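Residue-level listing of the chains:
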Amino acid sequence: KGAPVLSAGRSPMLRSLLALRRLPLRPVRFHMRALSTGIIRGGNVVPLGRISRSPFMGALRHFAVEPVVVPELGDSITEGTVVEWVKGPNDYVNVDDVICVLETDKVSLDIRSEKAGLLTEQIAEEGDTVEVGAELAKLDTDAKAPEGAAAPPAEDKAAPAAETAPAAPEAPAAPSAPAAPAPKKEAKPEPAAEPKPVPGSREETRVPMSRMRLRIAERLKDAQNTAAMLTTFNEIDMSGIMKVRSKYKDAFLEKHGAKLGFMSCFVAASSNALKAHPQVNAAIDGKDIVYRDYCDISVAVATPNGLVTPVLRNTETMSFDEIEKEIAALGKKARDGKIAIEDMLGGTFTISNGGVYGSLMGTPIINPPQTAILGMHGIFKRPVAIGDSVEIRPMMYVALTYDHRLIDGSDAVLFLRKIKEGVEDPVTMLLGL
């Protein structure tokens, strides 16, 4: 009483609040309960269903803002780093659009939207470390797609007859009223690259290590500190398998659609050797030894962000063409940055092929919790003794690094000899010898 009078003007919300103020005291409880399903109009609560066509509803639209959260990243991975925002505030996002890129200890992941809507807020910034389940952004799922944007796929609830009806072609936009161009985003700095030396320059450049590189460094050092690593060597005469490859590579490609390489032979020979020497396929877990009756071989693949090891599952049951197809598919995914965490989980044995870079010899490091790794190297012609004569043969040095806590030296030597026999004479694998 005596309070100044407020003018509602043309604001529908203010008129509704003033109407609520003039309501009698006794019915207030009823009206407050009804506010969840209606609005105040002329001192009465009107259900929302009765005013769905009201021009005032545009001002009272409920914003269905939903969070975009960090998904599950796989076993033992609890956090990642936001390395790039693909979508920014006020960008419209369709279903399955990439919103941002998250880098974990093992791989870079594209975070995709499960719903369509307008990105209203970026909660995490580039460089922030986020845990699984943390909010990355806010998405208004009630917002409409702008003109010219691809509409999200609608659920097909029409009758089967309607499914065959051709869609009407979209009318072209009037040239006199073109769509307003989207605001330009600020140019993002390019990722730090290795600096190129300038002749005569003595400058130094410091760039941060990627999350994947930090994790690789940590795991390799842990392997050195934990395992009693020892390496044994042998050499393989590649002339036999090279003749087989040269003779059948065209027919192999025509029938299976995959190139015949040397990796399939080494994977098959390693699987055969793992079955003959199960301790090489085992792992140490505390005070126990875990033996596996399957062979999951990790194949080391170099990517721009670091070394990754996708896994070939149950290689003991795979044929040469199945191995080649799977290696090609996983290698492409790794190089394109589309490999998933699930592709790299597990693995009982690893093969690293440094020969593609011309390596002569090296000592690979075990990939924990595995207990052995095979290192392949380059093929070079060398004089070798064949019987009582000397011949020039294409030779490859191979190295087996193993954990001496579990694998004895004799087992390691016999294991590597088994691989040598299988590669030099693949018929022995076909005969189960």
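Residues numbered from 1 in each chain as written. Predicted model: local features only at pLDDT ≥ 70, side-chain atom pairs only at ≥ 80, totals over all residues. Heavy atoms only, no water.

1. Focus: the overall build of the chain
Heads up, the rule is: A run of H or I in DSSP counts as a helix once it spans at least four residues, and a run of E counts as a strand once it spans at least two, with each numbered from the N terminus. The cut-offs for exposure are 20% and 50% of the maximum accessible area for each residue type, with area from a 1.4 Å probe on protein chains only; residues under the lower value are buried, those over the upper are exposed, and the others partly exposed. In what follows, residue pairs with any heavy atoms lying within 4.5 Å of each other are defined as contacts. To be clear on the numbers: accessible area is Shrake-Rupley with a 1.4 Å probe, and residue cover counts the displayed protein chains and nothing else.
Of the regular secondary structure elements, the chain holds nine helices and 20 strands. For the chain, buried positions account for 36% of its 433 residues. Taking as baseline every contact in the chain between residues at least 6 positions apart, the subset at least 24 positions apart corresponds to 62%. Carbon together with sulfur atoms contributes 55% to the accessible area of the chain, which is approximately 27,400 Å² in total.

2. Comments concerning the packing of aromatic side chains
The cut-off we apply is this: Only Phe, Tyr and Trp rings are paired, with Trp represented by its six-membered ring, and only when their centres lie within 6.5 Å; those with planes under 30 degrees apart are stacked, over 60 edge-to-face, the remainder tilted. We count a charge as sitting over a ring when the NZ of a lysine or the CZ of an arginine lies within 6 Å of the ring centre and within 35 degrees of the ring normal.
Following the criterion strictly, the structure yields one aromatic pair and no others. Where F349 meets F415, the ring centres are 5.5 Å apart and the plane angle is 65°; that geometry is what we call edge-to-face. Taken as a pair, F349 in strand 18 (residues 349–353) and F415 in helix 8 (residues 409–424) lie far apart in primary sequence, 66 residues in all. Above the face of the F262 ring, R245 is positioned so that its terminal group lies 5.4 Å from the ring centre.

3. A look at the confidence of the model for the chain
Applied cut-off: The pLDDT score gives, residue by residue, the confidence of the prediction method on a 0 to 100 scale.
Looking at the chain as a whole, its pLDDT mean stands at 79, while 73% of the residues score no less than 70. In the model, residues 154–191 has pLDDT below 50 throughout and makes 10 contacts with residues more than four positions away in sequence or in other chains.

4. Topic: the nonpolar core
Selection criterion: What is meant by a nonpolar core is a set of buried Ala, Val, Leu, Ile, Met, Phe, Trp, Tyr and Cys residues, joined one to another through side-chain atoms within 4.5 Å.
Of all hydrophobic cores here, the largest spans 38 residues; its most connected members are F266, F349 and V423. For this core, the elements supplying multiple residues, two or more each, are helix 6 (263–276), strand 14 (297–299), helix 7 (320–335), strand 18, strand 19 (372–386), strand 20 (389–403) and helix 8. If you tally residues by element for this core, the top one is helix 6, at eight residues. For F349, the residues in contact, after removing those within four places along its chain, are S270, L274, V280, D296, I297, S298, Q370, A372, I373, L374, L400 and F415. Core analysis: the second largest hydrophobic core is formed by 28 residues, V93, L136, M212 and I341 among them.

5. A short note on the sheet that holds strand 4 (residues 79–85)
Strand pairing in a sheet takes place through backbone hydrogen bonds and is either antiparallel or parallel in direction. We apply this condition: When DSSP finds two or more bridges between a pair of strands, those strands are recorded as paired. As a rule, the C-alpha atoms of each element are fitted with a line to give its axis, helices using only the stretch in contact, and angles between N-to-C directions run from 0 to 180 degrees.
Taking strand neighbours across the sheet as the criterion, the four strands line up as 7-6-4-9 in an open arrangement whose pairing is antiparallel. Edge positions in the sheet fall to strand 7 (108–112) and strand 9 (129–131), since each has one partner strand and no second. Strand after strand, the sheet turns through a mean of 45° between neighbouring axes, direction not considered. Where strand 4 lies against strand 9, three bridges are found, and the strand directions are antiparallel. Across the sheet, residue E79 finds its bridge partner in strand 9, namely E131.

6. Concerning the side chain of H277
Turning to its location among the elements, H277 is positioned in the loop between helix 6 and strand 12 (283–285). Setting aside chain neighbours within four positions, we find H277 in contact with D411, L414 and F415.

7. With respect to the environment of L360
Within the secondary structure layout, L360 lies in the loop between strand 18 and strand 19. Judged by relative accessible area, which is 48%, L360 ranks as partly exposed. Taking the C-alpha atoms as reference points, L360 and I379, 19 residues apart in sequence, are found 8.0 Å from one another. In this structure L360 touches H377, F380 and Y397, once residues within four positions along its chain are discounted.

8. Brief notes about helix 4 (residues 211–226)
Applicable threshold: In a helix, the anticipated span is given by 1.5 Å times the number of residues less one. As used here, the arc is the angular range of directions from the helix axis to the C-beta atoms. Think of a polar contact as two N or O atoms within 3.5 Å of one another; within protein, one of them needs to be a possible hydrogen donor and the other a possible acceptor, and neighboring residues in sequence only count if both atoms come from side chains.
With 16 residues, helix 4 should cover 22 Å at 1.5 Å per step; its first-to-last C-alpha distance of 22 Å lies within 8% of that length. Considered for burial, the residues of helix 4 that qualify are R211, M212, I216 and A223. Buried residues of helix 4, seen end-on, are gathered within an arc of 135° and therefore sit on one face of the element. Two or three places before R213, at the opening of helix 4, S210 has a side-chain oxygen 3.1 Å from that residue's backbone nitrogen.

9. Details of the sheet that holds strand 10 (residues 135–140)
Across the sheet, which stays open at both edges, the four strands sit in the order 3-10-8-5 with antiparallel pairing between neighbours. Each having just a single partner strand, strand 3 (65–69) and strand 5 (92–93) make up the two edges of the open sheet. Direction of pairing for strand 3 relative to strand 10: antiparallel, over a ladder of five bridges. Residue pairing in the sheet places P67 in a bridge with K138 of strand 10.

10. Remarks on unusual backbone geometry
For the peptide bond that leads from P368 to P369, omega is 0°, which places it in the cis range. Here P369 is to be found in the loop between strand 18 and strand 19. Phi at D96 is positive, roughly 75°, even though this residue is not glycine. Assignment of secondary structure puts D96 in the loop between strand 5 and strand 6 (98–103). Look at D96 and you get partly exposed, because its relative accessible area is 46%. Notably, N314 is not glycine yet its phi reads approximately 50°, a positive angle. Residue placement: N314 occurs in the loop between strand 17 (311–312) and helix 7. Overall, the relative accessible area of 35% leaves N314 in the partly exposed class.

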